[in-house]
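# Coordinate inspection notes
Listed below are the residues making up each chain.
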Amino acid sequence: MSSTTTPAGPRRLDRVLDLVERAGNRLPHPLVLFAGLFLITALLTTLLAATGAEVQVPGEEEPQPVRSFFSGEGLTWFTTTLGENYIGFPPLVNVLPIVLAVGIAEGSGLLSAAIRRLFGSAPRWLLPYVVALVGVNGNLMSDTSFVVIPPLAALVFAAAGRHPLAGMIGGFAAVGASFSTTMIPSPIDANFSGITASVMESLPASLGAAPVTVVSNYWINLASSLVLVVACGFIIDRVLEPRLERAGVPRTLAPEDEGATAGSEASADGSISPQERRGLRWAALSLLAVVLLIAALATVPGSPWQKDGGGLLPDSPFMGSIVFFLVVAFSVTGIVYGAIAGTVRSGGDVAGLMGQGLRSMTGFLVVAFALAQFLALFSWSGIGTYLAVHGAALLEHADLGGLPVVLGFVVLCALTNLLITSGTSMWGLMAVVFVPMLALSGLEPAFVQAAFRIGDSSTQIITPLSPYLIVLLGMVRRYEPGAGLGTLVARLLPFTLVFLTAWTAVLLVFWGLDLPVGPGNGIRLG
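Conventions and cut-offs
- Residues numbered from 1 in each chain as written.
- Predicted model: local features only at pLDDT ≥ 70, side-chain atom pairs only at ≥ 80, totals over all residues.
- Heavy atoms only, no water.
- Axes fitted to C-alpha atoms, helices over the stretch in contact; angles between N-to-C directions.
- Helix = DSSP H or I, 4+ residues; strand = E, 2+ residues; numbered from the N terminus.
- Parallel < 35°, antiparallel > 145°, perpendicular 65-115°, else oblique.
- Left-handed = near helix turned anticlockwise from the far one by under 90°.
- Contact = heavy atoms within 4.5 Å.
- Nonpolar A, V, L, I, M, F, W, Y, C, P; charged D, E, K, R; others polar.
- Phe/Tyr/Trp six-rings, centres within 6.5 Å; stacked < 30°, edge-to-face > 60°.
- Lys NZ or Arg CZ within 6 Å of the ring centre and 35° of its normal.
- Polar contact = N/O pair within 3.5 Å; in protein donor to acceptor, adjacent residues only side chain to side chain.
- Core = buried A, V, L, I, M, F, W, Y, C linked by side-chain atoms within 4.5 Å.
- Buried < 20%, exposed > 50% of the residue type's maximum accessible area, 1.4 Å probe, protein only.
- Expected span 1.5 Å × (residues − 1).
- Bend = angle between axes of the 7 residues up to and from the residue.
- Patch = residues over 30% accessible without salt bridge, like charges linked within 9 Å, V, L, I, M, F, W, Y side chains within 5 Å.
- Areas by Shrake-Rupley, 256 points an atom, 1.4 Å probe, with all protein chains shown as cover.
- Salt bridge = Lys/Arg side-chain N within 4 Å of Asp/Glu carboxyl O.
- Lys, Arg positive; Asp, Glu negative; His and termini not counted.
- Charge placed at Lys NZ, Arg CZ, Asp CG, Glu CD.
- 1 Å grid on protein atoms, 1.4 Å probe; cavity = no way out; pocket = protein on both sides within 12 Å on 5 of 7 lines; lining within 4 Å.
- Points joined across faces, edges and corners; volume = space filled by probe spheres on them.

### Considerations on the packing of helix α8 (residues 164-176) against helix α20 (residues 485-513)
At a minimum axis distance of 10 Å, the contact between α8 and α20 shows a crossing angle of 40°. Relative to α20, α8 is oriented oblique. In this structure, α8 crosses over α20, and the sense of that crossing is right-handed. Facing α8, whose interface residues are Leu165, Ile169, Gly170, Phe172 and Ala173, α20 presents Arg491, Leu492, Phe495 and Phe499. Of the residues contributing to the contact of α8 with α20, the split by class is seven nonpolar, one polar and one charged.

Below you can see the structure in the form of structure tokens.
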């Protein structure tokens, strides 16, 4: 297994990934990149609108035209929504509150002490697989997992004497490249199954398609998750970390970030002082109190966190409050630990730690301004829908039939995911075309949904259009200031290729053995 010595490793793979990295790093700064993409998209929308381009979305009564940016309507839209596009940018809504709270927990020393306490004596070889297991199940926290898991994984690796960036990048890959699957039914299952069930209402009853529920993909999700955990752990251990060591990537924070986490540097040898132990004990008790209080308030009859008719799953105000719960948990435990350990003595200290946490995100805040405008234009103009529906039509007209069209569908989803990073939005577009089309070819809607998950997840970690890739870049630059988008894509590309291949192999096994993809849901109709 990996160690601190420099391994020989796959030099040929290094050369290929180095080429990818150099090419990617020749791209302009992300701010300039997204500003340029905005301009290109604006010109393209104007050209398409001038030619009368429109698309008929299945299920919609009227065709949807592509709207021109360089028109009275487009310019008015842009000048009146500039701030709204930025402030309402969904990743900012999720990321910033958590960053403020994590800043308290990290700066007080809580995260470092907890990681050293929990993982300091764990077998080094096991850590990549632990990170992979947590990451693959990360979508239980929705998008917040992109912000929470990578930095914690870095601390876990550092505490064990392994490369922190291997944990950070590996944790991000585990979360993102498997985001549509998990070992436990999650909110994303509810989103997908709801869309599928809605589309199925238009299917002829004579087809006899099985109803699609939250657990209709559970068996294939469980099998895929287990395979992806092993694959991800292996790549972290045998590909990513050895390559980081060969490249001489620093293991410590860059000078400008030293001191931002002073509390976490107290015991670099991995030991826990008596004062830290007391702090951890009280932090654990405070966390337990927070959890019990939230559970009590959520389950009491008539709780406002419950959905209409009662219950918390799959979709309720409770599930929409995950960011709030994480903010409370990190803030309360960080403050309690700091008060006992002596790293937090006043409200001013808390404010200072929050500011330090936010300081690490300033680069993302700048880039997010251009990215938010680009994605808003992509959505408002309808060009994303135009490209997705026409891509689906090309695959449909290819008339491949059976397994080839399923594999083509996976590839189409993987490519579309480079442009439309929201899985729910993309499934809304794909389902209305491919669920009826493949049902008429004899395939269960639940199986089509399972195939979609593969393409929806595996490529989203390498697209610059993912806002969380920009968040990750900010995290990585705390250790490696010269890192660029090409650096990240080169390190994440092996995960994308292996996940896409391994996940598709699981799908082929289910196909070949005609196994049910979930309780009561098979592959073929009838």
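On we go.
### Observations regarding the packing of aromatic side chains
Note on aromatic pairs: each is described by the distance of the centres and the angle between the planes. Counted by the stated rule, this structure contains 21 aromatic pairs. Three or more aromatic residues joined by ring pairs make a cluster, and in this case those are Phe38, Phe69, Phe70, Trp77, Phe78 and Trp380. Geometry around tryptophan 511 places arginine 524 over its ring, the cationic atom sitting 4.4 Å from the centre.

### Some words on unusual backbone geometry
Phi is positive for aspartate 514, close to 55°, though the residue is something other than glycine. Take aspartate 514: it is sitting in the segment after α20.

### Quick look at the side chain of glutamine 306
Within the secondary structure layout, glutamine 306 lies in the loop between α11 (274-299) and α12 (322-341). Here alanine 298 takes part through its backbone oxygen, which lies 3.0 Å from a polar atom of the side chain of glutamine 306. Not counting residues within four places of it along the chain, the set of residues in contact with glutamine 306 comprises Ala298, Thr299, Val300, Gly311, Leu312, Ser316 and Pro317.

### Some remarks on the nonpolar core
One finds Phe409, Trp427, Met430, Leu492 and Phe495 to be the most contacted residues of the largest nonpolar core, which totals 154 residues. The greatest single-element share of this core, amounting to 13 residues, is contributed by α20. Apart from residues no more than four positions distant in its own chain, phenylalanine 495 is found in contact with Gly170, Ala173, Cys232, Ile235, Ile236, Leu240 and Ile461.

### Points about helix α17 (residues 423-440)
With 18 residues, α17 ought to run about 26 Å at 1.5 Å a step, and its terminal C-alpha atoms sit 24 Å apart, in line with that. Taken as a whole, α17 carries its principal kink of about 45° at alanine 431. Within α17, 13 of the 18 residues are buried, which leaves the element mostly enclosed by the surrounding structure. Where α17 terminates, the next one or two residues include glycine 442, which has phi positive at roughly 100°.

### Some words on a positive patch on the surface
On the surface, Arg117, Arg277, Arg278 and Arg281 cluster together into a patch of positive charge. Overall, the relative accessible area of 47% leaves arginine 117 in the partly exposed class.

### Brief notes about empty space enclosed by the protein
By the definition in use, this model includes two cavities of 30 Å³ or more. Of the voids in this model, the largest cavity is the one considered here, and its volume is about 40 Å³. In terms of lining residues, the largest cavity is bounded by Leu17, Ile235, Val239, Leu240, Arg243, Ala490, Arg491, Pro494 and Phe495. Breaking the lining of the largest cavity down by element, the ones donating at least two residues are α10 (218-246) and α20. Partitioning the lining of the largest cavity into residue classes produces seven nonpolar, no polar and two charged. Space inside the second largest cavity adds up to approximately 30 Å³.

### Digging into the environment of isoleucine 335
Within the secondary structure, isoleucine 335 is located in helix α12. Taking the C-alpha atoms as reference points, isoleucine 335 and glycine 347, separated by 12 residues in sequence, lie 9.5 Å from one another. In this view, isoleucine 335 contacts Ile104 and Val350; residues no more than four positions away in its chain are not counted.

### With respect to a nonpolar patch on the surface
Together, Trp282, Leu285, Leu288, Leu292 and Ile340 line one region of the surface with nonpolar side chains, adding up to about 490 Å² of accessible area. Looking at which element gives the most residues to the nonpolar patch, the answer is α11, with four residues. With respect to the element layout, leucine 288 can be found in helix α11. Using a relative accessible area of 47% as the deciding quantity, one classes leucine 288 as partly exposed.

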